[in-house]
Amino acid sequence: MEAKGSKYLYDYFVIGGGSGGLASAKHAAKLGKRVALADFVKPSPLGTKWGIGGTCVNVGCIPKKLMHFAATTGELRHDQELCGWKVDMSVKHDWDTMIGNVNNHIRSLNWGYKTQLMKEKIKYYNMLASIEDPHTVKLIDAKTNEPLYVTAEHICIAVGGRPQYLDIPNCKELCITSDDLFWLKKPPGKSLIIGAGYIALECGGFLRGMGRDVDILVRSRPLRGFDTEMVDKVITYMKYTGINFVTGTPVSFDKEGEGVKVGMKIQENGATVEKSVVYDNVLIAIGRYPDIKELKLENVGVELAPNGKIKVDERWTSSVDSIHALGDVSSIGLELTPVAIKEGRNLVDGLFKNEWKKIDYKTVCTAVFTPLEYAVCGYNEHDAIEAFGVDDIDVYTSSFKPTEWA
Ligand code: FAD
């Protein structure tokens, strides 16, 4: 029902029930606004799907951190032995138990989000949304395929991103991504991880920690954007745990028995050689793309940035005044949950209280769990030199061994 004095059904309509969208919707509701939120999960090409909460909760930070923890508890067994505990090292990691517990925890979070929305009187549509006009959202009911049109003064797009695949035949049919790994029913065996970013390295790290054989296929330097000296330490440790780094590129994927035969061109002793190896699992972690195809942004002429994300100004507003974008899908910011949450709340304060607060993206902290835990804040050495000039930068390094490592 429309409120008196308003042309629109809602003051604020959020598309995407992930980190940014949920935080933003709840913040607007707390200000007494009439709020609605649509969230719909498109299954991965292998059919994996999950509930409300977005990437972080279902296929990102939360299961990743739990699996990292699971792996480190395994590594601790070596320390336990030295500390006098009797440990049966022949006991192998049980994937079924872990995945069952991780997935149940996620389901409880999904349930928690739904009840929070009800409590805050936010209307929840479990439907795929697209933009019909600057103030109208079209919602499709997956069961009936019937459209529903709702209007709002402001529309916030917080649809996040999805993992990219390689343009190689059979890639989508035979390979998994992080969207599948965290819900994998069949225990992973010998695994190939393709990619060099933090997601590739973290997944490789915890799989190795759980006792799996892991190869990581990288095209060039891993963890670009992080301080090179620290990256070297991370990689040295990963190799020490038994992870095999291979420099090269994949060229083919073919089914072989229950596994995947991967053809690759790799660098060996300064030469490029072709070889093929059979893996039980191949995980593609080469980056993520903004999930905007279904939004029909062309209906209203929302502009995109060169990287394909929705172009926004410092107030997270797109080229159409009533349409805003934040989190992983917006052209500014960083692909991190706390950033999406902060943007969601700041946008609401700006729109409904006229309190516009900028975010200093340069001073956002981040951490990797590779499995050595490495945290960073601000510029890396290379970027600092580029920004301020080599003469104005002093670099201090210090290293120490944690006592436990003795
Ligand atoms: P999302 O959380 O992706 O939510 C978008 C939602 O919109 C999804 O539920 C999607 O299904 C829905 N949607 C999409 N299109 C439509 C539509 N048309 N209609 C309705 N609904 C739609 N960040 C950290 O800060 N720390 C970490 O440790 C960390 N680890 C990560 C590990 C992995 C493996 C991955 C993949 C990501 C990780 N991230 C981490 C990043 C973090 O998950 C994202 O930055 C964050 O989830 C972005 O939030 P968002 O609100 O922009 O979008």
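What you see is a predicted model, and the numbers here were worked out from it, not measured in a lab.

Engineer: Please give an account of helix 3 (residues 61-82) that cites residues and values.
Structural biologist: Counted at 1.5 Å a residue, the expected span for helix 3 with its 22 residues is 32 Å, and the 32 Å between its end C-alpha atoms agrees. At Leu-76, helix 3 shows its largest kink, close to 25 degrees. Every buried residue of helix 3 is accounted for by Pro-63, Lys-64, Met-67, His-68, Ala-70, Ala-71 and Gly-74. With its phi angle positive at about 100 degrees, Gly-84 sits one or two positions after the end of helix 3.

Engineer: I'd love a proper account of the packing of helix 3 against helix 7 (residues 198-209), names of residues and values included.
Structural biologist: Their axes nearest at 8 Å, the elements helix 3 and helix 7 cross at an angle of 40 degrees. The two elements helix 3 and helix 7 meet at a crossing, and its hand is left-handed. Contacts from Lys-64, Met-67, His-68, Ala-71 and Glu-75 in helix 3 reach Tyr-198, Glu-202, Phe-206 and Gly-209 in helix 7. Of the residues in the contact of helix 3 with helix 7, the class split is four nonpolar, two polar and three charged.

Engineer: Lay out the environment of Asp-360 with the relevant residues and their values.
Structural biologist: Mapped onto the fold, Asp-360 is located in the loop between helix 9 (337-353) and strand 16 (365-369). For Asp-360, a relative accessible area of 47% corresponds to the partly exposed category. A polar contact is formed between the side chain of Asp-360 and the backbone nitrogen of Lys-362, at a distance of 3.1 Å.

Engineer: Please provide a residue-by-residue account of the nonpolar core, values included.
Structural biologist: Membership of the largest hydrophobic core comes to 63 residues, with the highest contact counts inside it found for Tyr-12, Met-67, Trp-95, Leu-181, Phe-206 and Ile-216. Here the element with the most residues in this core is helix 4 (residues 95-119); it accounts for seven residues. Not counting the four nearest positions on each side in its chain, Phe-206 is found in contact with Lys-64, Met-67, His-68, Ala-71, Leu-181 and Phe-182. Ranked by size, the runner-up nonpolar core spans 27 residues in total, among them Ala-152, Ile-155, Ile-157 and Val-159.

Engineer: Give me the lowdown on the side chain of His-154, citing residues and values where you can.
Structural biologist: Secondary-structure assignment places His-154 in strand 6 (residues 147-157). With a relative accessible area of 13%, His-154 lands in the buried category. Side chain to side chain, His-154 and His-324 meet in a polar contact 3.0 Å long. When neighbours within four sequence positions are excluded, His-154 is seen to be in contact with Asp-11, Tyr-12, Phe-13, Ser-322, His-324, Leu-351 and Phe-352.

Engineer: Summarise the sheet that holds strand 10 (residues 244-256); cite the residues concerned and give the values.
Structural biologist: Here six strands make up an open sheet; going across it, the order is 12-11-10-9-8-13 and the pairing mixed. Edge positions in the open sheet fall to strand 12 (271-279) and strand 13 (281-284), since each of these has one partner strand only. Neighbour-to-neighbour, the strand axes of the sheet open up by a mean angle of 35 degrees, direction not taken into account. The pairing of strand 9 (residues 214-218) with strand 10 spans four bridges and is classified as parallel. Residue pairing across strands places Ile-216 opposite Phe-245, the latter belonging to strand 10.

Engineer: Break down the layout of surface pockets for me, citing the residues and quoting the values.
Structural biologist: Once rolled over the atoms, a probe with the size of a water molecule shows which space is left empty. Roughly 1,300 Å³ of internal volume is contained in the second largest pocket. What lines the second largest pocket is a set of 32 residues, and nearest its centre among them are Thr-72, Glu-75, Leu-76, His-78 and Tyr-237. Of all the secondary-structure elements, those providing two or more residues to the lining of the second largest pocket are helix 3, helix 7 and helix 8 (228-240). Split into classes, the residues belonging to the lining of the second largest pocket amount to 15 nonpolar, nine polar and eight charged.

Engineer: Break down the pairing of strand 2 (residues 35-38) for me, citing the residues and quoting the values.
Structural biologist: The two faces of strand 2 match: Val-35 and Leu-37 on one face and Ala-36 and Ala-38 on the other face are all buried. For strand 1 (residues 10-15) and strand 2, the ladder comprises four bridges, and the chain directions are parallel. Paired with Tyr-12 across the two strands is Val-35, which belongs to strand 2. In this sheet, strand 3 (residues 123-125) lies alongside strand 2 in parallel orientation, the contact comprising three bridges.

Engineer: If you had to explain the packing of aromatic side chains to someone new, which residues and values would you point to?
Structural biologist: One pass over the structure, following the stated rule, counts nine aromatic pairs. Taking 5.1 Å as the distance between ring centres and 70 degrees as the angle between the ring planes, the aromatic pair formed by Tyr-379 and Phe-388 counts as edge-to-face. Look at Tyr-379 and you get partly exposed, because its relative accessible area is 35%. Among the aromatic side chains, those forming a connected cluster through ring pairs are Tyr-10, Phe-13 and Tyr-125. Taking NZ or CZ as reference, Lys-123 lies 5.3 Å from the ring centre of Tyr-125, over its face. Over the ring of Tyr-379 we find Lys-362; its NZ or CZ atom is 4.8 Å from the centre of that ring.

Engineer: Mind laying out the side chain of Asn-110, listing which residues take part and the relevant values?
Structural biologist: Mapped onto the elements, Asn-110 comes out in helix 4. From its side chain, Asn-110 meets the backbone oxygen of Ile-52 in a polar contact 2.6 Å long. Residues in contact with Asn-110, not counting those within four places in the same chain, are Gly-51, Ile-52, Val-57 and Asn-58.

Reading the values: the criteria
Residues numbered from 1 in each chain as written. Predicted model: local features only at pLDDT ≥ 70, side-chain atom pairs only at ≥ 80, totals over all residues. Heavy atoms only, no water. Helix = DSSP H or I, 4+ residues; strand = E, 2+ residues; numbered from the N terminus. Expected span 1.5 Å × (residues − 1). Bend = angle between axes of the 7 residues up to and from the residue. Buried < 20%, exposed > 50% of the residue type's maximum accessible area, 1.4 Å probe, protein only. Axes fitted to C-alpha atoms, helices over the stretch in contact; angles between N-to-C directions. Left-handed = near helix turned anticlockwise from the far one by under 90°. Contact = heavy atoms within 4.5 Å. Nonpolar A, V, L, I, M, F, W, Y, C, P; charged D, E, K, R; others polar. Polar contact = N/O pair within 3.5 Å; in protein donor to acceptor, adjacent residues only side chain to side chain. Core = buried A, V, L, I, M, F, W, Y, C linked by side-chain atoms within 4.5 Å. Pairing = 2+ DSSP bridges. 1 Å grid on protein atoms, 1.4 Å probe; cavity = no way out; pocket = protein on both sides within 12 Å on 5 of 7 lines; lining within 4 Å. Points joined across faces, edges and corners; volume = space filled by probe spheres on them. Phe/Tyr/Trp six-rings, centres within 6.5 Å; stacked < 30°, edge-to-face > 60°. Lys NZ or Arg CZ within 6 Å of the ring centre and 35° of its normal.

On their own, these measurements won't tell you what the molecule is for.
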